Amino acid sequence: MTVAICARRISHQIGATLVFSHLFFFCAPTNANLIDWLRLKGGIANGLEMAEFEGMGYGLRCSSRLETGAQALFVPSSVIFSGGNGNTIARAHGQIQPLSDADAIAFNLLLEQAKGPKSVWALYMSMLPPAVLTPKLFGQPALSALHEPQVARRAARAHDLAAATLVRVSPSLRRAVRAGCALASASDMNICIEAHTSMASWAWALSIVNSRALIFKGVRFLVPIADLVNHRTHIGAWMREVEHGNFFLKHHVLSTSGLHTSSDRNFAPGYQFFEDYGDNPTHIYVEHHGFVPEEENPFDCAPVKLPSLNHDGNGRANSRIDVLTAVGVHRMPSKCMPGELNRVRQDVRILIWALSINTTQLEACPATLSDGAASSQCEYAFPLPSLHERVIAPALLNEATGGLAAFKTTLKKDEMALVDPLLAHDLRLSICFRKSRKRVLMRLASEAAAAIICETSNNNPHDKNDDRVAHAPFVELKKTVMLGPLTKRVADFNAWTSSRNWPVLHVKAAILSSHGGRIGAVATKSLNQGEVYVDVPETDCLTTSAARREIGTAVRSLDDFHAILIFLVKCVVALIGSDGNVNTTNNQFGPYLALLPGIDEIVSLTLGITLGQDHHSAQSPPLLWANLPTKAATFARDRLEGSALVIALPAYVASTQRTYNAILQRINRRALGAAIRHSDVALSWPVFRWAAQILDSRSIWWNGQRHLVPMLDLVNAADAFEIP
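Residues numbered from 1 in each chain as written. Predicted model: local features only at pLDDT ≥ 70, side-chain atom pairs only at ≥ 80, totals over all residues. Heavy atoms only, no water.

**Some details on helix α8 (residues 199–212)**
Each α-helix turn comprises 3.6 residues. Residues three or four places apart therefore point the same way. Given a rise of 1.5 Å per residue, 14 residues ought to cover 20 Å, and the 20 Å separating the end C-alpha atoms of α8 matches this to within 8%. When you tally the buried positions in α8, you get eleven out of 14 residues, the bulk of the element. Inspection of α8 places Ser-201, Trp-202, Trp-204, Ala-205, Leu-206, Ser-207, Ile-208, Val-209, Asn-210, Ser-211 and Arg-212 among the buried residues, and these make up the whole buried set. (Helix = DSSP H or I, 4+ residues; strand = E, 2+ residues; numbered from the N terminus. Expected span 1.5 Å × (residues − 1). Buried < 20%, exposed > 50% of the residue type's maximum accessible area, 1.4 Å probe, protein only.)

**Section: the packing of helix α3 (residues 101–114) against helix α6 (residues 149–183)**
The N-to-C vectors of α3 and α6 enclose an angle of 30 degrees; their axes lie 8 Å apart at closest approach. By the angle class used here, α3 and α6 are roughly parallel. In the packing of α3 onto α6, the handedness of the crossing is right-handed. Side by side, α3 and α6 meet where Asp-103, Phe-107, Leu-110, Leu-111 and Ala-114 of the first sit next to Thr-165, Arg-168, Val-169, Ser-172, Leu-173, Ala-176, Val-177, Gly-180 and Cys-181 of the second. (Axes fitted to C-alpha atoms, helices over the stretch in contact; angles between N-to-C directions. Parallel < 35°, antiparallel > 145°, perpendicular 65-115°, else oblique. Left-handed = near helix turned anticlockwise from the far one by under 90°. Contact = heavy atoms within 4.5 Å.)

**Describing α6**
Roughly 60 degrees is the biggest bend found in α6, and it falls at Val-169, with proline Pro-171 one to four residues downstream. Residues of α6 that are buried: Val-151, Ala-155, Ala-162, Thr-165, Leu-166, Val-169, Ser-172, Leu-173, Ala-176, Val-177, Gly-180 and Cys-181. Buried-residue contacts for α6 involve α2 (83–92), α3, α7 (189–197), α8 and α10 (282–289). Positioned one or two residues after α6, Ser-185 has a phi angle of 55 degrees, which is positive. (Bend = angle between axes of the 7 residues up to and from the residue.)

**Considerations on the packing of aromatic side chains**
Summed over all chains, the structure comprises 14 aromatic pairs. Members of the aromatic cluster, each reached through a chain of ring pairs, are Phe-493, Trp-496, Trp-502 and Tyr-592. A cation over an aromatic ring shows up here: Arg-232 above the ring of Phe-274, its NZ or CZ 4.2 Å from the ring centre. (Phe/Tyr/Trp six-rings, centres within 6.5 Å; stacked < 30°, edge-to-face > 60°. Lys NZ or Arg CZ within 6 Å of the ring centre and 35° of its normal.)

**With respect to the sheet that holds strand β8 (residues 214–216)**
If you trace the three strands from one edge of the open sheet to the other, you get β7-β9-β8, paired in antiparallel fashion. If you trace the sheet from one side to the other, it starts and ends with β7 (81–82) and β8, each paired once. Two elements, β7 and strand β9 (residues 219–222), share two bridges in a ladder whose sense is antiparallel. Bridged to Ser-82 within β9 is Phe-221. (Pairing = 2+ DSSP bridges.)

**Some thoughts on the pattern of salt bridges**
Enumeration according to the criterion identifies 22 salt bridges in this entry. A salt bridge links Asp-264 to Arg-265; the nearest nitrogen and oxygen atoms lie 2.7 Å apart. As far as burial versus exposure is concerned, Asp-264 and Arg-265 are alike and both buried. As a salt-bridge pair, Asp-540 and Arg-500 come within 2.8 Å of each other at their nearest N and O atoms. Residue Asp-540 is located in the loop between β19 (534–535) and α18 (544–551), and its partner Arg-500 is located in the loop between α17 (486–499) and β16 (504–505); the two are separated by 40 residues in the primary sequence. For Asp-540, a relative accessible area of 3% gives the class buried. In this structure, a network of salt bridges that share partners links the residues Arg-232, Glu-294 and Glu-295. (Salt bridge = Lys/Arg side-chain N within 4 Å of Asp/Glu carboxyl O.)

Have a look at this one:
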């Protein structure tokens, strides 16, 4: 394998700042040779090839299909840059004081770059960008355009620290680089040494480490090839909690032999290979990696101006600190707020509560909390304020609207500015970043306002016992549900299954008096153990692939569970004709849908009719007992006392609510409105909750995916001794 070497001088201006000047660069690698280099070193790249992508630079492209969890890359430890190795090299050239991981790897990078084509990493070095545009390299107009002075201050501090470090390492670095230049047979040693020990070169090396190194247990590693993988938020990210990098670490395993990377999603041939960098706010991507994610970031946050509390001469502030300490909050929470109420940290909620309590409560709460007993004078302390939206939501609404008002530009003006093709790259990045901040604050304001409205509605005496109304538009329409009595529905379903010409059908639906009048399946002939009794073609099942085909872009950003959930809702609302009358013939799955528990309520809800049923019935599925976890907890205590479900049920309701809120942010509403009639009802909480319960209780799995399978999901379970 040969390496072509090009000598060129790059002087790159961004705004008014000289960002990089360097002497030696290699020609860009071909698509294959860097991957070949990895394999030659004992690495693995399964179905991946190097490619260049517009606006992203180099990345990896799939040459064959990759499944979730499949091995994508293995990079042997022999080609991984680490702080340990870098410090060993630095010490060998006279460095006495140990260097941080970032400084040690930067030291190693500059040495290898000085070696030119003689470096083991020559091909890898040729692929590295001449500059990584982050706020450290922004011109003053771009720094001002961020509208966040603290980012500019952090960039200035980082520059000063880098300059001070270079002074400290310069003697040993120059000795190391001199050896590298000699190995490369540089024609002018002085020029070679200066080119690899200047402040510009040191800043470049640090930017490479800061933007590309992976962190495992607080230790940095620069991993060739693996650092080519670009970020794309995983479709399930809106449904996962902040996990401190666990999702990333699940797919990146570092061992003594090297780094093993597995795919975190499915990829078709020809598509760019992405990975989710983890649960990071957008400012991390901007300040270290130099990009703003194209899609909204589930883990993004925006700073708000919550008051700070310090022990000083202010007795009332000191009392509030005592209250916070008593409930386990020992430091001021982060003031970077997410856009979703369900993601607001508990310590933030407690801080807002502590700031809101009156003087009487302020005096009573420390003693009450230390005694561990509830008190009417410390009303919010038990339980801790996880759902006290009447205090928390108004405070967050005030902070979010105040944060939006503080920006010097509107979102519309930002979008107009980005249309300019001549806009400087650093300014473009600044505007994209402040747009992301505004979107977070807009989401937070919207959710806080909705919570206030919901709280007001719940306190309305006319709605006190009506747990069905949340999020649902009710209009009194004089329409009639025409799905018919249960006996007719069962007959229609059996006629439908017979008409589908399934390969095998030796059972039929029936109303089982032995099971309390539930619908089940009974055999239509004698069946032997192991004999196939039903064979349902996938075309007659509600599947993920059918959901994505039928609904398209509206569910593109959703995971499989929620794609099929929306598809189920689409089929249900399709039962209602344009004239408002209901008929199972209006949808392919109509006769099957008519047998689903709760279908009448959902159809009625879509029509705007209130059935007046008792939704709190103990015979209903537990998820449908209550809208809110607090109410679910009350029902659970009454109905499930002594069972572990007393704790599990409220958690289940809360988890489903968090997922629902995430879906509202994630789904393409415009596309959904084009694909589904009554899309406003389709996205209401009662409909979502019902559909989630149907999927959780009736899904049948194969090939790693869930399906709703007519007839098969009617088969009830029984222990062997119960079978005649």
